[in-house]
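In case you want the letters, here they are:
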Amino acid sequence: MRSLLRHWRTTAFLACAALCQTAGAAQGNVDWASVEKAARGQTVYFDAWGGDAAINRYIAWAGDVVQRRYGVKLVLVKVTDIAEAVTRVQAEKAAGRTTGGSVDLMWINGENFASLKAADLLYGPWADSLPHARLLDASDPTQRTDFTLPTAGLEMPWGGARFTLFYDGAAIKTPPPRDPQALLAWIRAHPARFTYPQPPDFIGTSFLKQMLLLLAADAARLQQPVSSDFDVVTQPLWTWLDAAHPHLWRSGRAFPRSSPEQRRLLGDGEVDWLLAFNPSEAARAIRARELPDSIRGVHFAQGALGNSHFLAIPFNSSASAAARVVANFLLSPAAQARKADIAHWGDPTVLAMAALTPAERALFGTGGRDAASPAPGPLLLEPHPSWTPALERAWSLRYGAR
Amino acid sequence: MKGLPIALLLFVGVGPVVAGFMGTVLGGLSASAWHELLLEPGLPIAALLAIGTGVVSTLIALTLSHVAVAVAFSRLRHTTLRLAALPTLATPHVAIAIGLVLLLSPSGLVLRALSPWATGFEQPPDWATVQDSLGLALTLGLIVKEVPFLILVLLGALSQVPASRLVTQGRVLGYGVFKTWFVAVAPLLQRQARFATAAVLVFGLTNVEMSLALGPTTPPTLSLLVWSWFTDANLATQSKAYAGALLLLLISVAVVGLVAGMAKSVVRQRWQAWATNGDRVPSLNLDGMAARNASRVALGLGGAALGALLIRSVGGTWRFPSVWPAQLSIAAWTQGISDMQRAVTASVTVGLAATVIAIGIVLAVAEALHDSPLARRRLAVLLFIPLVIPQMAFLFGMQTMLLRLHLDGTWCGVLWSHLLFVLPYAWVVLAEARAQLSPGYRIVSRTLGAGPVTTWVRILLPQLLRSILIAAGLCFAVSMTLYLPTQFAGGGRIVTVTTEAAVAMSSGDLRSAASYGVMQALLPLAVFAVTAGVSRRLFTHRQGMPT
């Protein structure tokens, strides 16, 4: 525990240092025309979670456009977990490869960003100097801080996410539970119909954080690093889980390994709930005929855990100019509008509508909501990243081996 | 001149394993890493689960395989058995595991077929038919996947055992088919198949793919724990992962040693007592019948899992208890057609190159060592190291080696990593085949004035051709199934059908996963068909060629 703390203190120190540095660099004028010139002919290896055919098609579309427009070749490197790419960059650093790295652009956030930032493995700051960066939504706190760590221009916001619960409207006809006590009552009344992905799965751990934010006596405490009061702060969460677990799917003795696995369980009718980070997840899955059209989404009334996901460039990329050109294109109103469209991906935009021209705003459609996605509600910020491993470890001590 | 091919074989087939293993030892030899590892909640249960599922599945699979081979032998049905084993053998572990989930889980095909008319279930029951905490489903999955492999190994070893003579003698003495087989033939066959059995045992102890789909989760098997630490972005977890890989290696070595030791002592004594007790009771045949049906079930389950996968690849939403998907769509097959083409191209080129290179090197070495059985045995032990130690114990270190050589993420790097696993299979088939050729042919040919090259090409090669074709089919099939080696050496840049299947599986996109899984099975089957066709064409009018 102590070494963990030290680790995060170092991180915080580095973060401050990087922030001071950015203040200078962001003002520096980047000659964008020369960046585009340097980018021409370069190949960008883009490491991203590749498990969703719709997202892969969207990136392929972006690849076609940047090839045509900027002469940049975009190659999607699909990974099952972006941590694979993070460990690869770490291994390259250990092997002394400071140029010609295997990753040019990566899709990350949270603890993966924290790891790379702490080990000084990121190129930049670069994100604030992109021409399209001025369109970003400055009022969205999740775009400047990634799990409480300042992004410091080392990564570019790409999309937004809100922790969403989806339920089967054909099985739950009354208004769904929207606070922890109501959810617990529902779980008790419907044995074996609720579950969540097993931490340390990303969605599973996010569920723990969402519940802790709702249940903790002082939620603001979670914005600070973990310390000796961990047991006291998290006690309400364990009380809730202890009460819920006997009534979960498989009596809480087995869990789905991932949110997609839980999606299959929901689709096949083994459970009535699905947890996910993209509010349009069900709308897209219904279009893809992975889920029946009776699925509905809901946020906790008190607020949904929210964050942004980002693009970053590793320190040893040899195509950083082209990587920035690709990132800038992905931030353009046209690319962001296509990304937000559930016919293509359905990922919420990071742009401020007020910063767009009327013609650009029109690209985003009329803003009509599909039946499966919940109405936007209050936002709960991610806890400090040190809570993630601490919660995962505590969960695994309590429930991981029985 | 003799040393050159041997040096090449050692460099290609053993070098990276040694380098990779050193990397793991260096990474895992820290007190704090072991401290962290031993504090891991559920570690003893995870280790016991790995040992239990690995040992039990290997013992059952081995028994069933012997029974199946005994029956096929007594009825002269080798070819039928070989054909029955091929589909499951060619289908990768991930695909079989997912197919079994689709079949056996509470919302799986079996319960759908029985619901609601027989069971009364309108909703899937909350039964742990997969991912049960004892690892029974995982054990079943391992049996289903390993029986075909062991059957083919045993069938291949039959030619090196005087099975017909032994069976006849046993029958003449009044013993039943099964006792004859298990007392007289099986021990000799097992001697030939001991490396393959060890490989099966270690795979059972250390596999990631099957326990991911079928194994328990609280806690999972040890290999899955180690795997999740290796893929953690936190650097502190990495050294725990190296220590975990070493622990996995220690457990594997200990278990293999223990099993081998027991086979030599306790089992041998029991066997000898059984062989000499003169007991000829026919009831033993009944036990044999049960085992025979079990081996049929094991082979059938593999095919059924493949079928379940196929249905899922074209199915849309599919609520319990419908036996058939509500909508059918071939979107998974058509939408990703360009990705599929790219993956198939990479799989086929790497597979063919690995096959050709492995066979080439092994033929050269087999020629050099055809009259030194001791050297062949020692070389076999070295070559089998990658198969009998956990892949995780050296793949991470090997990745660093490729990185330093600037071969990571390249086609050549992937090819090299595949050769590690393909070479031992090529060796098993070809080295013995070459050694068993009668030396007379070569002597006569040389006496008649032919040079060594001419002799080899015109006299020896045709006699080896059938073995070469068998080796080619086997090597290509092995290359197709490799997931971890491809992922580590290719770094995601080299995309094969197997890595695509894993990515789709991890995201729950069962439809594309199933389409890739089916393709993974089809490619090696196509190669088997081609080699069988060539073999038939070449040998139809030639009698007395070695088989």
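What you see is a predicted model; the values in this text were computed from it and never measured. (Residues numbered from 1 in each chain as written. Chains lettered and ligands numbered in written order. Predicted model: local features only at pLDDT ≥ 70, side-chain atom pairs only at ≥ 80, totals over all residues.)

Overview of the overall build of chain B
- The helix and strand tally for chain B stands at 27 helices and zero strands.
- Since a compact globule built from 547 residues should have a radius of gyration of about 24 Å, the 24 Å found for chain B is in line with a globular shape.
- Dimensions of chain B, computed from C-alpha atoms along their principal axes, come out at roughly 75 × 65 × 50 Å.
- Across the 547 residues in chain B, those meeting the buried criterion constitute 52%.
- Restricting to contacts in chain B with at least 6 residues of sequence separation, those with at least 24 account for 82%. (Helix = DSSP H or I, 4+ residues; strand = E, 2+ residues; numbered from the N terminus. Rg over C-alpha atoms; globule rule 2.2 N^0.38 Å. Buried ≥ 20, exposed ≤ 12 C-beta atoms within 10 Å, placed from the backbone. Contact = placed C-beta atoms within 7 Å.)

Comments concerning the domain arrangement of chain B
Residues and elements named next belong to chain B.
- Partitioning chain B into structural domains gives domain 1 (1-27 + 330-547) and domain 2 (40-327).
- Distance between the C-alpha centres of domain 1 and domain 2: 24 Å.
- Taken residue by residue, the interface counts 35 residues in domain 1 and 36 residues in domain 2.
- Contributing elements (two or more residues each) for the side of domain 1 that touches domain 2: α2 (15-28), α20 (385-388), α21 (392-404), α24 (452-481), α26 (497-506) and α27 (510-539).
- Of the residues assigned to the side of domain 1 that touches domain 2, the class counts are 25 nonpolar, eight polar and two charged. (Domains from an automatic or database assignment. Nonpolar A, V, L, I, M, F, W, Y, C, P; charged D, E, K, R; others polar.)

A short note on the domain arrangement of chain A
Residues and elements named next belong to chain A.
- Domain boundaries in chain A define domain 1 (2-158 + 309-370) and domain 2 (162-306 + 380-399).
- A separation of 28 Å is found between the C-alpha centroids of domain 1 and domain 2.
- In this complex, domain 1 contributes 18 residues to the contact, which on the side of domain 2 involves 19 residues.
- Of all the secondary structure elements, the ones that give two or more residues to the side of domain 1 that touches domain 2 are α1 (2-27) and α5 (110-118).
- A class-by-class count of the residues in the side of domain 1 that touches domain 2 yields 10 nonpolar, five polar and three charged.

A look at the nonpolar core
- Within the largest apolar cluster, 171 residues are counted, with the highest numbers of intra-cluster contacts made by I98(B), A358(B), V362(B), A426(B), L430(B) and C475(B).
- The element contributing the most residues to this core is helix α22 (residues 411-436) of chain B, with 16 residues.
- When sequence neighbours within four positions are dropped, the list of residues in contact with A358(B) reads L419(B), V422(B), L423(B), A426(B) and C475(B).
- Core analysis: the second largest hydrophobic core is formed by 61 residues, V86(A), A152(A), A312(A) and V325(A) among them. (Core = buried A, V, L, I, M, F, W, Y, C linked by C-beta atoms within 7 Å.)

A closer look at the interface of chain A and chain B
- Counting residues at the interface gives 54 residues for chain A and 48 residues for chain B.
- Counting residues per element, the ones that place at least two in the side of chain A that touches chain B are β1 (43-49), β2 (73-79), α4 (83-94), α5, α9 (259-268) and α14 (387-399) of chain A.

So, helix α5 (residues 78-90) of chain B
- Under the 1.5 Å per step criterion, the end-to-end length of α5(B) is 18 Å for 13 residues, consistent within 8% with the ideal 18 Å.
- Looking at α5(B), one finds that the buried residues are L81(B), A84(B), A85(B), L86(B), P87(B), T88(B), L89(B) and A90(B). (Expected span 1.5 Å × (residues − 1).)

What to know about the sheet that holds strand β9 (residues 295-298) of chain A
Residue and element names in this part refer to chain A.
- The three strands are arranged β8-β7-β9 in an open sheet whose pairing can be described as antiparallel. Pairing within the sheet leaves two strands with one partner each, and these edge strands are β8 (273-276) and β9. When the angles between neighbouring strand axes are averaged without regard to direction, this sheet yields 25°.
- Relative to β9, strand β7 (residues 164-168) runs antiparallel, the two sharing four bridges. Bridged to L165 within β9 is V298. (Pairing = 2+ DSSP bridges. Axes fitted to C-alpha atoms, helices over the stretch in contact; angles between N-to-C directions.)

Some thoughts on the pairing of β8(A)
Residues and elements named next belong to chain A.
- Because side chains alternate across β8, one face comprises the buried residues W273 and L275, and the other comprises L274 and A276, equally buried.
- Where β7 lies against β8, four bridges are found, and the strand directions are antiparallel. Paired with F166 across the strands is L274, a residue of β8.

Observations regarding the packing of helix α4 (residues 43-74) of chain B against helix α13 (residues 222-230) of chain B
Residue and element names in this part refer to chain B.
- With their axes 7 Å apart at the nearest point, α4 and α13 run at an angle of 120° to one another. In terms of orientation, α4 lies oblique with respect to α13. For the pair formed by α4 and α13, the contact residues are A46, A47 and A50 on the first element and L222, S223 and L225 on the second.
- Of the residues in the contact of α4 with α13, the class split is five nonpolar, one polar and no charged. (Parallel < 35°, antiparallel > 145°, perpendicular 65-115°, else oblique.)

Comments concerning unusual backbone geometry
- For the bond from P199(A) to P200(A), the omega torsion is 15°, close enough to zero to count as cis.
- Checked against the element boundaries, P200(A) lands in the loop between α6 (180-189) and α7 (202-215).
- With an omega of -5°, the peptide bond running from T218(B) to P219(B) counts as cis.
- When you line up the elements, P219(B) lands in the loop between α12 (209-214) and α13.
- Unusually for a residue other than glycine, A152(A) sits at a positive phi of about 55°.

Some remarks on the environment of P219(B)
- Residue classification places P219(B) among the buried residues on the basis of 23 C-beta atoms within 10 Å.
- Counting along the chain gives 124 residues from P219(B) to A95(B), while the straight-line C-alpha distance between them is 23 Å.
- Discounting chain neighbours no more than four positions away, the residues touching P219(B) are G400(A), A401(A), G42(B), I45(B), A46(B) and L225(B).

Overview of the packing of helix α8 (residues 136-157) of chain B against helix α11 (residues 194-206) of chain B
Residue and element names in this part refer to chain B.
- Packing of α8 against α11 brings their axes to within 11 Å, and their N-to-C directions diverge by 165°. Here α11 runs roughly antiparallel to α8, going by the angle between their axes. In terms of crossing hand, the pair formed by α8 and α11 is right-handed. On α11, the residues touching L142, E146, F149, L150 and V153 of α8 are A196, V200 and G204.
- Classifying every residue of the contact of α8 with α11 gives six nonpolar, one polar and one charged. (Left-handed = near helix turned anticlockwise from the far one by under 90°.)

Describing the pairing of strand β10 (residues 304-312) of chain A
All names here are of chain A.
- Across the nine residues of β10, nine count as buried, placing the element largely inside the fold.
- On β10, burial covers both faces: A304, G306, S308, F310 and A312 on one face and L305, N307, H309 and L311 on the other are all buried.
- With seven bridges connecting them, strand β6 (residues 155-162) and β10 associate as antiparallel partners. Bridged to G159 within β10 is H309.
- Sheet analysis places β10 next to strand β11 (residues 379-381), joined by three bridges and oriented parallel. Residue pairing for β11: A304 is matched across the bridge by L379.

As for the environment of P236(A)
- Relative to the elements of secondary structure, P236(A) occurs in helix α8 (residues 230-244).
- Once the C-alpha coordinates of P236(A) and L215(A) are considered, the two residues, 21 residues apart in sequence, prove to be 6.0 Å apart.

What about the environment of G63(A)?
- Considering the arrangement of structural elements, one finds G63(A) in helix α3 (residues 53-70).
- Separated by 11 residues in the primary sequence, G63(A) and L74(A) have C-alpha atoms spaced 5.0 Å apart.

Focus: the confidence of the model for chain A
- Residues of chain A with pLDDT of at least 70 account for 92%, and the chain-wide mean is 89.
- With pLDDT under 50 throughout, residues 1-28 of chain A is counted as low confidence; its partners more than four residues away or in other chains account for 30 contacts. (pLDDT = per-residue confidence, 0-100.)

Side note on the confidence of the model for chain B
- Taken as a whole, chain B shows an average pLDDT of 87; of its residues, 97% reach a score of 70 or greater.
- Per the prediction output, this complex has pTM 0.87; the corresponding ipTM is 0.84.

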